[in-house]
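This is what each chain is made of:
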Amino acid sequence: MRITSGEQAGDTVELDQGSLGVGGEVRGYREGDEVLVNVSELPDGQNAFSIQDYVRRDDLVLLALAFVIAVLIVGARQGARSLVALAFTLLVLVNSPVAGMPDQIRRRKYAISYILSP
């Protein structure tokens, strides 16, 4: 697997992930898949890599855009005001120290990688 972001960007690592996901669901990662990888430091100082999930950034952006368009079509001015209120609420929640994730989780290292053929 080739790491494309994070501290190990540009490195190629070998990973034996298996095929079982959450709840016993079979996951088949293929060459070219963009995945989110968790990087953990082992007690001996080496890094351990594990695939967390597929990167779904493009799909989520399209879904959010469809939601905004639907709200504006159905709600017109009221919908626009609701979207402004939603954006303000998200801004407050994301920047709030009590609503945020614990520091241990924030410091966890993630990298985006592409699956390469062996």
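Residues numbered from 1 in each chain as written. Predicted model: local features only at pLDDT ≥ 70, side-chain atom pairs only at ≥ 80, totals over all residues. Heavy atoms only, no water.

## Considerations on the overall build of the protein chain
Which entries qualify depends on this criterion: Note on conventions: DSSP H or I runs of at least 4 residues are helices, E runs of at least 2 residues are strands, and numbering of each starts at the N terminus. Per-residue accessibility, obtained with a 1.4 Å probe over protein chains only, is compared with the maximum for each type, and a residue is labelled buried under 20%, exposed over 50%, and partly exposed between these values. Two residues form a contact once any of their heavy atoms are found within 4.5 Å.
Looking only at helices and strands, one finds 2 helices and 4 strands in the protein chain. Reading the protein chain from its N end, one meets helices and strands in the order β-β-β-α-α-β. For the protein chain, the proportion of its 118 residues judged to be buried stands at 18%. If you take every contact in the protein chain between residues at least 6 apart in sequence, the share linking residues at least 24 apart comes to 54%.

## A word on the confidence of the model for the protein chain
Detailed conclusions should not be drawn from predicted coordinates in areas where pLDDT is low. Convention followed: Within a predicted model, pLDDT stands for the predictor's per-residue confidence, ranging from 0 to 100.
Of all residues in the protein chain, 70% have pLDDT values of 70 or greater, and the mean over the chain is 77. Model confidence for the protein chain, summarised as mean pLDDT per element, is weakest for helix α2 (residues 103–106) at 49 and strongest for helix α1 (residues 57–95) at 92.

## Structural notes on the pairing of strand β2 (residues 34–41)
Filter applied, for reference: One requirement defines pairing of two strands: DSSP has to find at least two bridges between them.
Summarising the sheet, β2 and strand β3 (residues 47–54) pair through 7 bridges and their orientation is antiparallel. Looking across to β3, one finds that Glu41 is bridged to Asn47. Linkage of β2 to β3, two consecutive antiparallel strands, is achieved through a turn of 5 residues, within which Gly45 is found at a positive phi near 95 degrees.

## Thoughts on α1
Put simply, the test is: Under the convention used throughout, the expected extent of a helix is 1.5 Å for every residue step, that is, one less than its residue count. Each residue is assigned a bend, namely the angle between axes fitted to the seven residues that terminate at it and the seven residues that start at it.
Compared with the 57 Å implied by 1.5 Å per residue over 39 residues, the 21 Å span of α1 between its first and last C-alpha is markedly short. Maximal helix bending in α1 amounts to about 135 degrees, located at Gly75. Turning to α1, its buried residues are Val71, Gly79 and Leu83.

## What to know about a nonpolar patch on the surface
For clarity, the cut-off: Patches here: salt-bridge-free residues with over 30% relative accessible area, like charges joined within 9 Å, nonpolar side chains (Val, Leu, Ile, Met, Phe, Trp, Tyr) joined within 5 Å. Methods summary: accessible areas were calculated by the Shrake-Rupley approach with a probe of 1.4 Å, and residue burial reflects only the protein chains presented. Here, a salt bridge means any Lys or Arg side-chain nitrogen found within 4 Å of an Asp or Glu carboxyl oxygen.
Residues Leu62, Leu65, Ile69, Ile73 and Val74 make up a contiguous nonpolar surface patch of about 560 Å² in total accessible area. Along the chain, Leu65 falls in helix α1.

## Digging into unusual backbone geometry
Peptide bonds are mostly trans, and most non-glycine residues show a negative phi. Look at Ala76: it is not a glycine, yet its phi comes out positive at around 50 degrees. Counting through the fold element by element, Ala76 comes out in helix α1. Accessibility expressed as a relative area gives 46% for Ala76, which makes it partly exposed.

## Considerations on the pattern of salt bridges
Across all of its chains, the model carries 1 salt bridge by this definition. Ionic pairing is found between Glu34 and Arg57, a salt bridge with its closest N-O pair at 3.1 Å. With a gap of 23 residues between them, Glu34 in strand β2 and Arg57 in helix α1 connect regions that are remote in the sequence.

## Observations concerning the environment of Met1
With respect to the helices and strands, the residue Met1 is situated in the segment before β1 (2–3). By relative accessible area, which is 9% here, Met1 ends up buried. Sequence spacing of Met1 and Thr12 is 11 residues, and the spatial spacing of their C-alpha atoms is 5.4 Å.

## Describing the environment of Glu14
Along the polypeptide, Glu14 turns up in the loop between β1 and β2. You can call Glu14 exposed: its relative accessible area is 82%. For the pair Glu14 and Phe49, spaced 35 residues apart in sequence, the C-alpha separation works out to 8.8 Å.

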